[in-house]
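# Remarks on the overall topology
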Amino acid sequence: MTPLLQVETIAKFYGSRIGCADVSFDLYPGEVMGIVGESGSGKSTLLNCLAGHLTPDRGAVRFDTRAQGLRDTITMSEPERRMLGRTDWAFVHQHARDGLRMNVSAGGNVGERLMAVNARHYGDIRNEAIDWLGRVEITEDRIDDRPTAFSGGMQQRLQIARNLVTGPRLVFMDEPTGGLDVSVQARLLDLLRGLVREMNLSAIIVTHDLAVVRLLADRLMVMKDGHVIETGLTDQVLDDPQHAYTQLLVSSVLQV
Amino acid sequence: MSDYNFAYLDEQTKRMIRRAILKGLAIPGYQVPFASREMPMPYGWGTGGVQVSAAVLTPDDTFKVIDQGADDTTNAVSIRRFFQKTAGVAVTEATSEASVIQTRHRIPEQDLRADQILVYQVPIPEPLRFLEPSEVETRKMHALEEYGLMHVKLYEDISQHGDIATAYAYPVKVEGRYVMDPSPIPKFDNPKLEMAGIQLFGAGREQRIYAIPPYTQVVSLDFDDYPFQPTKADHACDLCGAEDSYLDELIVDDAGGRMFMCSDTDYCATRRKQGHVGAQGVPYKEDAA
Ligand SMILES: Nc1ncnc2c1ncn2[C@@H]1O[C@H](COP(=O)(O)OP(=O)(O)OP(=O)(O)O)[C@@H](O)[C@H]1O
Ligand SMILES: [Mg+2]
Ligand SMILES: [Zn+2]
């Protein structure tokens with residue numbers, strides 16, 4: 001089977017400071033990969049390199065495109081990469097305001113990606129927006145409200161709807177539950193798990209919350225100082241960590 | 001008069017502006033940056049349009065200025081006087097007699113000919129600005145033809161007002177490529193953007209020039225189920241009876257009496273001279289004009 005994403009020895013430096021280095025892995029369709037590690041370990045840097053937001057200094061990121069199979073997204077033209085960014089890829093930011101247009105209604109936010117790929121029937125766009133708002137548990141009567149009138153949890157659910165409306169084949173998420181109250185996190189996590197299963201989503205999720213990966217990720221990568229130090233099936237890594245740092249990470253969570 | 005170079009700007013500046021104009025004509029709807037000069041008038045008075053007019057005027061030209069369709073507003077009178085003084089060109093209020101027409105907020109009712117140039121004063125040239133404040137990002141959107149955001153604006157219009165409420169500066173796509181702000185003309189004027197004359201747009205503060213060459217395709221953006229409609233008040237002109245012209249509404253007395261009249265004053269006067277009389281009009285007399 002062709003991997004959906006093939007990452008080969010990616011490295012990104014900020015001057016002489018290491019962002020991430022020597023990261024390689026394959027992601028297969030329908031798979032959810034979790035990336036964990038302490039603050040500053042390079043999780044966001046890696047994710048942004050994979051999603052085309054940052055240009056890595058070394059390595060290749062090959063995506064199984066619809067038309068031409070595996071293509072290196074780093075060397076492809078910017079228009080092609082941006083096209084992927086609003087069709088086959090989705091990016092869920094930690095802070096909803098980074099991923100939403102705060103001066104546009106909820107319906108407009110969800111509809112934007114549809115209009116970006118030339119949807120030109122208002123009624124259809126609106127119906128699709130209503131459908132997707134429903135799927136993230138936002139009632140239809142909020143469709144014309146701006147995200148500024150929404151709670152943090154609602155904003156995050158709106159961001160997810162806005163991203164998933166075009167049926168992306170790969171979803172990048174950077175701390176999707178970060179910064180939310182614990183009870184709100186649980187509900188969002190539940191919703192995400194439902195969507196991942198229902199849509200058979202392929203995703204890469206960055207988090208430092210092990211509960212998030214336990215629930216969502218099939219596989220896990222543990223990062224430290226820009227490098228991947230352990231990788232494996234989620235349950236295996238969490239229940240029987242091999243690397244001393246992973247053992248520490250797992251145990252410190254258990255103490256919480 | 002001898003204190004100024006012809007049309008106020010020095011020859012080098014005019015050449016620089018002409019280059020921007022030619023580039024604009026070569027790439028219809030594309031915003032060409034130019035080094036806007038200080039003009040002896042405030043920005044709100046259309047310094048972008050004034051600089052473009054200065055660059056295209058020749059001593060043989062006949063110049064007309066309209067503001068909201070009228071030749072007699074302070075703004076129109078000042079700009080007309082400015083070029084009378086600095087370029088010594090002939091001026092006119094008659095659309096058919098003008099070779100260069102500078103305008104704010106309207107396109108003349110009368111069809112322009114191939115030997116006429118229409119110069120627009122533009123306050124905000126970037127149609128995507130409303131939703132995307134970053135200049136870097138909007139340039140990229142134009143370069144890559146990523147115009148989905150323009151429809152988000154129309155979507156918001158319909159969701160809030162039940163219809164596309166944008167009545168002025170209604171966005172258009174030029175020759176199937178660049179999305180362009182036609183300046184704050186009423187959308188009633190949008191169909192006239194496909195014309196025989198040359199159209200030049202100048203934004204002074206924002207330092208942009210763009211253009212529509214003659215007979216270029218200009219399509220107003222819309223949705224399949226909410227098609228573009230070039231609406232106007234559902235009346236005839238009360239002075240000249242015209243049913244096809246854009247109308248201004250005027251409150252005429254304390255009792256709420258109102259009156260509709262052509263916003264294009266030359267068009268209205270010409271019709272009245274020809275003997276057309278509207279519902280509240282009186283027959284045209286030379287001294288009453
Ligand atoms: N724009 C930048 N300029 C310079 N250094 C940066 C920049 N962004 C990140 N870094 C550095 O790169 C390293 C990795 O940072 P990164 O943000 O990827 O970590 P992270 O694992 O996402 O952390 P967190 O959990 O806090 O979000 C850190 O040392 C960080 O200081
Ligand atoms: Mg991070
Ligand atoms: Zn009239």
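Everything discussed here concerns the structure shown above.
Below is a summary of the structure that appears in this document. (Residues numbered from 1 in each chain as written. Chains lettered and ligands numbered in written order. Predicted model: local features only at pLDDT ≥ 70, side-chain atom pairs only at ≥ 80, totals over all residues. Heavy atoms only, no water.)

This next bit is on the side chain of A:Arg113. All names here are of chain A. With respect to the helices, strands and loops of the structure, Arg 113 is situated in helix α4 (residues 106–116). Comment: no salt bridge for buried Arg 113; closest opposite-charge side chain is Asp 88, at 7.4 Å. Within the structure, the side chain of Arg 113 is placed 2.5 Å from the backbone oxygen of Trp 89, a separation counted as a polar contact. Once you skip the residues sitting within four places of it in the chain, Arg 113 turns out to touch Gly 85, Arg 86, Thr 87, Trp 89, Ala 90, Arg 162, Asn 163, Val 165, Thr 166 and Pro 168. (Helix = DSSP H or I, 4+ residues; strand = E, 2+ residues; numbered from the N terminus. Buried < 20%, exposed > 50% of the residue type's maximum accessible area, 1.4 Å probe, protein only. Lys, Arg positive; Asp, Glu negative; His and termini not counted. Salt bridge = Lys/Arg side-chain N within 4 Å of Asp/Glu carboxyl O. Polar contact = N/O pair within 3.5 Å; in protein donor to acceptor, adjacent residues only side chain to side chain. Contact = heavy atoms within 4.5 Å.)

Looking now at the interface of chain B and chain A. Contact residues are listed per partner, giving 22 residues for chain B and 23 residues for chain A. Applying the counting rule to chain B against chain A returns 5 salt bridges. Salt-bridge contacts for A:Arg86 lead to B:Glu146; the nearest nitrogen and oxygen are separated by 2.9 Å. Counting across the chain B and chain A interface gives 14 residue pairs in polar contact (both at pLDDT 80 or more). Elements represented by at least two residues in the side of chain B that touches chain A include exactly α4 (135–143) and α5 (148–161) of chain B. Top contributing element to the side of chain B that touches chain A by residue count: α5(B), with 9 residues. Residue composition of the side of chain B that touches chain A, grouped by class: 10 nonpolar, 4 polar and 8 charged. (Nonpolar A, V, L, I, M, F, W, Y, C, P; charged D, E, K, R; others polar.)

Turning our eyes to something else, we now look at the packing of helix α6 (residues 152–164) of chain A against helix α7 (residues 182–199) of chain A. Residues and elements named next belong to chain A. As a packed pair, α6 and α7 sit with axes 10 Å apart at the nearest point and diverge in direction by 15°. By the angle between their axes, α6 is roughly parallel relative to α7. Crossing handedness for the pair α6 and α7: right-handed. Here α6 contributes Gly 153, Gln 156, Arg 157, Ile 160 and Leu 164 to the contact with α7, which in turn contributes Val 184, Arg 187, Leu 188, Leu 191, Leu 192, Leu 195 and Met 199. Of the residues assigned to the contact of α6 with α7, the class counts are 8 nonpolar, 2 polar and 2 charged. (Axes fitted to C-alpha atoms, helices over the stretch in contact; angles between N-to-C directions. Parallel < 35°, antiparallel > 145°, perpendicular 65-115°, else oblique. Left-handed = near helix turned anticlockwise from the far one by under 90°.)

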